[in-house]
Amino acid sequence: MYKISDELAANGIKRIEGFPVEGFVRGEGPNNPALMLVGEAPGENEVETGIPFTGRAGKELMASLASIGLSREDVYITSAVRSRPYKWGQKKQRNGEVVERKYNRAPTKKEIIAHAPILDTEIRDIHPPIIVTLGNVGLQRLVGPQAKVTQLHGVLMETPVLMWNEEAQAFEASENNYHIFPTFHPASVFYNPPVRALKEGDWRRLGDLLHSKK
Ligand code: URA
């Protein structure tokens, strides 16, 4: 199993202090995974279990992996941000009472920068054969804000990835190239059911790519 150092984790926790986030969930997977999966940020479930993709989106993701003969143990799962970004909102209960609760939200650029050294280290250390970005947050973190999953999904790219330069306070292209395979975030099918067919097509293509490489 690959594990980021306690020092890097502590630094990540410190860098994100003061932002409306909670918990810290480490990436998880073997040293030589078949794929690296890059999501957005943990949600409520993941912060509770301490394991990435253990909620509803996780179930959907595990089904996609199974469809190409892989399981959680075969892949390294991480995300742009390792704490749960939340916002307060109101929820009306069945008895009509309104209660305040935390809702998931997308991470901000500052939060992504706070945890950029973690993802950069994981990518450098593991150097996965293919990085699968799940949704726009992971894709844009690695290839820039112009990239859109709706345009790029299902096609393997060979490209440098963006890594955070603390001195320059900027993202810069890596020296090495990586293989990036963008697809939709597994939760997107809950909000946008027509995406399911596109997502399943992407996973079929990814399975073909992996198996033709063997
Ligand atoms: N979305 C992510 O990006 N990661 C998780 O662990 C759960 C949902």
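Asker: Explain the site of the ligand residue by residue, including any values.
Answerer: Every residue near the ligand is listed here: Gly 39, Glu 40, Ala 41, Pro 42, Glu 46, Pro 52, Phe 53 and His 185. Note that an oxygen atom of the ligand is positioned 2.6 Å from one of the backbone N or O atoms of Glu 40. Here Ala 41 contributes a backbone N or O atom positioned 3.2 Å from a nitrogen atom of the ligand. Coverage of the ligand by the protein chains reaches 92% of its 240 Å² of free accessible surface. Counting atoms within 2 Å of the grid points, the majority share of the ligand lands in the largest pocket.

Asker: Quick one: what's the story with unusual backbone geometry, residue by residue and with numbers?
Answerer: One non-glycine residue, Phe 53, adopts positive backbone phi at about 50°. Phi is positive for Gln 169, which is not a glycine, with a value near 50°. Secondary-structure assignment places Gln 169 in the loop between β7 (157-165) and β8 (170-183).

Asker: I'd like a rundown of the environment of Thr 54, residues and numbers included.
Answerer: Relative to the helices and strands, Thr 54 is located in the loop between α2 (44-49) and α3 (56-67). The class of Thr 54 is partly exposed, set by a relative accessible area of 29%. Residues Thr 54 and Pro 42, spaced 12 residues apart in sequence, show a C-alpha to C-alpha distance of 9.2 Å. Look past the residues within four positions of Thr 54 in its chain and what remains in contact with it is Asn 45, Glu 46, Thr 49 and Arg 72. At 3.0 Å, the side chain of Thr 54 and the backbone oxygen of Ile 51 are in polar contact.

Asker: Outline the side chain of Thr 183, listing residues and values.
Answerer: Inspection of the secondary structure puts Thr 183 in strand β8. Of note is the side chain of Thr 183, whose polar atom sits 2.7 Å from the side chain of Asp 202. Leaving out residues up to four positions away in the same chain, Thr 183 has contacts with Val 132, Thr 133, Leu 134, Gly 135, Val 149, His 153, Lys 199, Asp 202 and Trp 203.

Asker: Quick rundown of the packing of aromatic side chains? Include the residues and the values.
Answerer: Counted under the stated rule, the structure contains three aromatic pairs. Here the aromatic rings of Tyr 2 and Tyr 76 are separated by 5.7 Å at their centres, their planes lie at 75°, and the arrangement is edge-to-face. Of this pair, Tyr 2 sits in the segment before α1 (6-15) while Tyr 76 sits in strand β3 (residues 76-79), and the two are 74 residues apart along the sequence. Taken individually, Tyr 2 and Tyr 76 each receive the classification buried, so the pair is uniform in this respect. Ring centres of Tyr 86 and Trp 88 lie 6.2 Å apart, and the angle between their planes is 80°; on these two criteria the pair is classed as edge-to-face.

Asker: Tell me about the pattern of salt bridges, and name the residues and values.
Answerer: Applying the stated criterion to the full structure yields 11 salt bridges. The closest approach of N and O atoms between Asp 6 and Arg 26, which form a salt bridge, is 3.0 Å. Of the two residues, Asp 6 sits in helix α1 while Arg 26 sits in the loop between β1 (21-22) and β2 (36-39), which places them 20 residues apart along the sequence. Classification of Arg 26 as partly exposed rests on a relative accessible area of 22%. Between Glu 22 and Lys 102 there is a salt bridge, with its nearest N and O atoms 2.8 Å apart. With a gap of 80 residues between them, Glu 22 in strand β1 and Lys 102 in strand β5 (residues 98-104) connect regions that are remote in the sequence. If you follow the salt bridges from partner to partner, you end up with Glu 60, Arg 196, Lys 199 and Glu 200 in one network.

Thresholds, definitions, all that
Residues numbered from 1 in each chain as written. Predicted model: local features only at pLDDT ≥ 70, side-chain atom pairs only at ≥ 80, totals over all residues. Heavy atoms only, no water. Near = heavy atom within 4 Å. Polar contact = N/O pair within 3.5 Å; in protein donor to acceptor, adjacent residues only side chain to side chain. Areas by Shrake-Rupley, 256 points an atom, 1.4 Å probe, with all protein chains shown as cover. 1 Å grid on protein atoms, 1.4 Å probe; cavity = no way out; pocket = protein on both sides within 12 Å on 5 of 7 lines; lining within 4 Å. Sits in = over half its atoms within 2 Å of the grid points. Helix = DSSP H or I, 4+ residues; strand = E, 2+ residues; numbered from the N terminus. Buried < 20%, exposed > 50% of the residue type's maximum accessible area, 1.4 Å probe, protein only. Contact = heavy atoms within 4.5 Å. Phe/Tyr/Trp six-rings, centres within 6.5 Å; stacked < 30°, edge-to-face > 60°. Salt bridge = Lys/Arg side-chain N within 4 Å of Asp/Glu carboxyl O.

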